[in-house]
Structure formats: C-alpha cells, structure tokens
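Take a look at the letters that make up each chain.
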Amino acid sequence: MLKIGVLASGRGSNFQAIIDEIEAGRIPAKIEILIVDNPEAYAIERAKKHGIPYLYVNPKEFKSKDAFYERIRDELLSRGVELVILAGFMRIVKKPMLDAFPNRIMNIHPALLPSFPGLHGQKQAVDYGVRISGCTVHFVDEGVDSGPIIIQAAVPVHPDDTEDSLSERILKLEHKIFPEAIRLFAEGRLKVEGRKVKILDYKLPDKYFTNPEIGQ
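What comes next is a walk through the structure. (Residues numbered from 1 in each chain as written. Predicted model: local features only at pLDDT ≥ 70, side-chain atom pairs only at ≥ 80, totals over all residues. Heavy atoms only, no water.)

Concerning the side chain of Thr 136
- With respect to the element layout, Thr 136 can be found in strand 6 (residues 132-139).
- Reaching out from Thr 136, the side chain makes a polar contact with the backbone oxygen of Ala 111 at a distance of 2.7 Å.
- If sequence neighbours within four positions are ignored, Thr 136 has contacts with Asn 107, Ile 108, His 109, Ala 111, Leu 112, Leu 113, Ile 149, Ile 151, Gln 152 and Ile 177. (Helix = DSSP H or I, 4+ residues; strand = E, 2+ residues; numbered from the N terminus. Polar contact = N/O pair within 3.5 Å; in protein donor to acceptor, adjacent residues only side chain to side chain. Contact = heavy atoms within 4.5 Å.)

Some points on helix 1 (residues 13-23)
- Counting buried positions over the 11 residues of helix 1 gives 8, a clear majority of the element.
- Taken together, the buried residues of helix 1 touch strand 1 (2-8), strand 2 (29-36), helix 2 (43-49), strand 4 (83-86), strand 5 (105-109) and helix 6 (163-186).
- At the C-terminal side of helix 1, Gly 25 shows a positive phi close to 85°. (Buried < 20%, exposed > 50% of the residue type's maximum accessible area, 1.4 Å probe, protein only.)

Some points on the nonpolar core
- Counting residues in hydrophobic clusters, the biggest one holds 46 residues, and the most contacted among them are Ile 4, Phe 15, Ile 31, Ile 85, Met 106, Ile 150 and Ile 182.
- Counting residues per element, this core draws most heavily on helix 6, at 9 residues.
- Once residues lying within four places of it in the same chain are set aside, the contact partners of Ile 31 are Ile 4, Val 6, Phe 15, Ile 18, Ile 19, Ile 22 and Ile 52.
- Grouped together as the second largest cluster of nonpolar side chains are 19 residues, Ile 72, Val 81, Met 97 and Leu 98 included. (Core = buried A, V, L, I, M, F, W, Y, C linked by side-chain atoms within 4.5 Å.)

Some points on the packing of aromatic side chains
- The tally for this structure, following the rule as stated, stands at 4 aromatic pairs.
- Note on Phe 68 and Tyr 69: the rings are 5.0 Å apart at their centroids and 70° apart in plane angle, and the pair reads as edge-to-face.
- On the basis of relative accessible area, Phe 68 is assigned to the buried category, the value being 3%.
- According to the relative accessible area criterion, Tyr 69 is buried, its value standing at 2%. (Phe/Tyr/Trp six-rings, centres within 6.5 Å; stacked < 30°, edge-to-face > 60°.)

This is the structure in structure tokens:
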C-alpha cells in the first residue's frame, strides 16, 4: 500500500479525484496527510470529510523557503510518505523536498508541456491561438514544470474559448490522468530514464483523448 502525502493551496478538486479512486479500490494507496499553505483552502474540508489528517504550515513563520520546505519534508518523512502529490500547490518546490523525494514528487499542469509552463497555462494557450491544449502529469525537478513527463491528455481549443471555458474542459481530464499516473506509480510501472518516463506494459486508454465535442 503506497503511502501518499498531498500538498494543496486551494479547492483541491484533483485531491478529491484521487481520494475517490483510492476509496473505489482502483489505486493501492493511502493518503497519510494533506499539507496546506493556506488555512482557508477548501482541500481541508475534503480531508475532514474523508478522515485524512491535515496540517497547515504557514510560510510566513519561516526565515527562508528552504526552512519552510524542511518542515514539510520532515512531516512527510515522519509519516513514511513514499510519493508526494502537488494538487494545486501554488509554490515552486525547493531543494530540501527534491533531495528527499527524487522522482517521487508528482504534479499536474493544465497545458501540454513543454508548452506554456508556469501560471495560467490555459490563458497562455488561448492567447497564443493554439488548436490543441490539454494537461500533463510530470515528476517535479528544480525547474518550473520541466520534469519528466508521465502522461498527457489533449483537448481541442475552440475559436470562442476563454481561459475559464478551456480550464473547465481541461480539468475534466486532469481528474482522470492524475489518479491514473498515481496508480501506475503505486504498481511499480514507472521507470525514469533521463528525461523520459517509461511505462511498463501499458497503453493509455483512448478515453483520455477527447473528441471535438467534449465539454459542449
């Protein structure tokens, strides 16, 4: 049973999708703790509802970013966490965490990386005028959304799309592929070789590739 720690800053819809898949028995894992940097994050309410321990760590109480991440690292290690999930955690993870969990921190980004990293990937896609966007699950490294890619899924960008409408369509796929990537990790089927992640004995289901009508 894989031990997971989740970091979040906001509403935690991906956190909920992961909880649902675990409770349905489709991911052989247990969420040991939710850690938030925002005391008003709705993710806390989700944790309470499902009996998941949670902890608020206030970044303003620490003299440096490294000290902040050392506190989070120590909490995760004390609980035996093996995989760290960033479920809408709005901070760049620093060295204390990266060193403690190499290729064991997973993030989802609302764009097809390496295009449109950083904040507001959906708005960047709309403004640029791309025809296809989507989401990417990747391992976290020292860069911004630059780690090895695990799974991606695509959605069309319609001529009248706004940041909000595209975000809503992408989010539906985030809720599918993030739990899927965690399941593969839990089953020992992910192997990192340089920049590439090999998925052993696996084909991404067609349901993660959408048709032009999705979301309409």
